[in-house]
Amino acid sequence: MRVLSRPESRLGILVSLPFAAFIGLFLIYPVTVVVIKALTPDGHLSADALSRALSGTYRRGFINSIELSLASAVLGGLIGVVLALVVATMSRPRWLHPALESWSAVASQLGGVPLAFAFIATIGTQGLVTRALAEMGLDLRDYGVTVTGFWGIVLVYLYFQIPLMFLVMTPAVQGLRQSWREAAAILGASPLRYWLSVGGPILAPSVLGGIILLFINSFTAYATVFVLNPGGALVPLQIRFLLQGNIITGEEDLGNAIVVWVIALLLLSLIIMTALQRRALKWIHS
Amino acid sequence: MTASRKGFVLRWGFLILIAAYFVVPMLAMARFAFQNVPTALLTRDNVFADWSISGLLTALSNPKIVSSASISFWIAVFAIALNFALLVPLAIVTEVRSPRLRPALTALTLVPWVVPPIALVVGVATTFRAAAPWFLGNTLCLVPFYALWAMPFTYRVLDAGLQAINARTLYEAARGLGASLWTVIFRVLLPNMRAAMVAAAMLTVALVLGEYAFASLLLKSTLPTEMVVYEGRDPRGALALALFVMVITALCLGVVVRLIRRRGVSITVTGF
């Protein structure tokens with residue numbers, strides 16, 4: 001039997017009101033104003049700012065940001081999955097799995113300014129790896145890798161993307177039952193066949209969901225690229241440019257419109273990710 | 001036999017490659033930061049030459065760094081306090097009284113994820129700059145926003161903590177034995193949630209130590225923004241400071257991993 005008395009009956013309202021007020025004031029209010037301003041650039045309804053936000057240099061910015069995020073998400077995702085699968089098959093050094101999990105929890109959060117500094121010391125023009133390779137006659141720039149360029153930034157982002165994917169994938173990989181593999185083998189399936197018909201399809205929603213998570217993670221990253229290449233044509237850097245120079249009339253609406261597109265993109269990604277994760281959970285818990 | 005041997009070599013080769021990728025940048029950074037040798041002269045031959053922490057000590061005694069570090073510290077403290085004040089009662093009431101609302105609340109607390117710092121800063125600049133200039137004038141205006149981005153993982157950690165201790169059963173048992181509502185909260189539930197609360201607090205510290213976009217675009221002086229400014233003056237000291245901040249962040253997250261694993265709760269937390 002529930003024991004209820006008067007103080008509890010009003011408790012629900014009492015604790016949710018401050019929460020709602022907080023979210024409303026600091027999140028909903030600014031976002032709503034941005035959306036309204038983006039939709040009414042000159043005081044009346046028009047899609048002008050929204051379409052300008054996707055043309056010219058800003059279109060380039062979105063394409064660059066999406067390409068960069070996709071490259072780091074897919075690469076980080078695949079390496080992370082392989083890492084999770086490899087570690088799952090190894091039981092021998094008993095410390096390996098817990099050590100890797102702790103390290104991933106830490107490394108997946110190491111981004112921003114310090115990480116940019118670390119890679120400048122590694123593959124920057126004076127970087128130790130750059131110079132060590134130069135001594136062997138290898139120039140990283142010949143392969144298109146500079147710390148300010150596309151693949152250089154991808155390399156930096158992998159530092160937090162791979163551990164994040166490993167963390168997300170570990171429960172899913174552990175959900176693959178040994179008995180399924182044995183059953184497949186007894187029925188005469190080769191390892192390749194097992195991965196194509198059993199393991200692959202079961203892991204697929206988790207892998208896709210994880211890659212989308214990594215995509216969101218790198219699309220919104222700002223500090224690292226700002227330190228490495230502040231003039232780059234990426235959406236977060238363009239937002240900074242517009243925000244700091246919004247004395248020019250009309251530019252403010254453009255900034256608002258870009259933010260609307262960013263939020264829409266992230267919202268869509270989050271919805272797809274949640275749907276995929278829900279599908280993936282079916283196998284982990286059953 | 002040869003097949004399994006090949007697998008062994010492949011597996012360890014892959015792991016060593018990954019390990020090298022993660023260790024080499026840290027070592028390079030450590031050499032830049034702690035070797036008293038001009039960076040252009042750092043070679044394989046002087047790996048052990050002239051190590052010293054003088055760069056870090058100089059950085060840590062810089063008045064700008066000291067004041068921005070103390071500001072970041074207080075921002076973290078207030079953000080943690082604010083989040084606990086908002087979310088602990090909410091998580092308890094939801095778990096004890098209306099568990100059916102839990103999925104909705106989990107989804108609601110995820111919303112800040114969709115509006116990252118680089119997006120919200122535009123809205124905050126356009127609204128609060130006009131409506132309440134005194135608010136954005138104070139560095140502590142960062143507190144509610146950092147609390148906002150800490151909300152997704154704070155709620156999840158608290159909720160997982162409540163479920164791990166069977167909060168509803170505890171609540172009903174204590175109430176049945178005649179304990180008042182406040183006794184239940186302060187003497188039964190909160191002491192049992194200490195691990196979850198410490199974990200959430202440490203994650204918030206990591207977030208505050210890492211957030212750069214929002215603070216720098218609002219022209220606020222926090223440890224991350226001041227670190228970038230300091231790099232222009234003393235690159236070696238800035239790298240030492242960055243490594244120091246990374247180690248603190250790692251220690252905070254290490255506490256989280258320990259606490260959460262001991263409670264038998266697994267949570268993946270992502271931030272920005």
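Computed from a prediction, not measured in an experiment: that's the story for all the values here.

A. Quick look at the overall build of chain B. In terms of helices and strands, chain B carries 13 helices and zero strands. The order of α-helices and β-strands along chain B, N terminus first, is α-α-α-α-α-α-α-α-α-α-α-α-α. By the compact-globule yardstick of 19 Å for 272 residues, chain B is too spread out, its C-alpha radius of gyration being 23 Å. In terms of overall dimensions, chain B has C-alpha extents of about 75 × 70 × 30 Å along its principal axes. The buried share of chain B, reckoned over its 272 residues, is 53%. Once local pairs closer than 6 in sequence are excluded, the contacts in chain B between residues at least 24 apart make up 74%. Split by element, the accessible area of chain B, about 12200 Å² in all, is 68% carbon and sulfur. Side-chain charges in chain B split into 22 positive and 9 negative, and the spacing between the mean points of these groups amounts to 11 Å.

B. How the structure looks around the interface of chain A and chain B. The partner chain B presents 85 residues to the 86 residues of chain A that form the contact. On inspection of chain A and its partner chain B, the count reaches zero salt bridges. Connecting chain A to chain B are three residue pairs in polar contact (both at pLDDT 80 or more). Class assignment of the residues belonging to the side of chain A that touches chain B gives a composition of 62 nonpolar, 15 polar and nine charged.

C. Region of interest: the domain arrangement of chain B. Residue and element names in this part refer to chain B. The domains assigned to chain B are domain 1 (1-35) and domain 2 (52-263). Placing the centre of domain 1 and that of domain 2 at their C-alpha centroids yields a distance of 33 Å. Taken together, the seven residues of domain 1 in the interface contact nine residues of domain 2. Together, the buried faces of domain 1 and domain 2 total about 770 Å²; carbon and sulfur atoms form 76% of this surface. The three residues of domain 1 that bury the most area against domain 2 are M29, A33 and F34, which together make up 71% of that side's buried surface.

Rules of the game
Residues numbered from 1 in each chain as written. Chains lettered and ligands numbered in written order. Predicted model: local features only at pLDDT ≥ 70, side-chain atom pairs only at ≥ 80, totals over all residues. Heavy atoms only, no water. Helix = DSSP H or I, 4+ residues; strand = E, 2+ residues; numbered from the N terminus. Rg over C-alpha atoms; globule rule 2.2 N^0.38 Å. Buried < 20%, exposed > 50% of the residue type's maximum accessible area, 1.4 Å probe, protein only. Contact = heavy atoms within 4.5 Å. Areas by Shrake-Rupley, 256 points an atom, 1.4 Å probe, with all protein chains shown as cover. Lys, Arg positive; Asp, Glu negative; His and termini not counted. Charge placed at Lys NZ, Arg CZ, Asp CG, Glu CD. Salt bridge = Lys/Arg side-chain N within 4 Å of Asp/Glu carboxyl O. Polar contact = N/O pair within 3.5 Å; in protein donor to acceptor, adjacent residues only side chain to side chain. Nonpolar A, V, L, I, M, F, W, Y, C, P; charged D, E, K, R; others polar. Domains from an automatic or database assignment. Buried area = accessible area lost by both parts, 1.4 Å probe.

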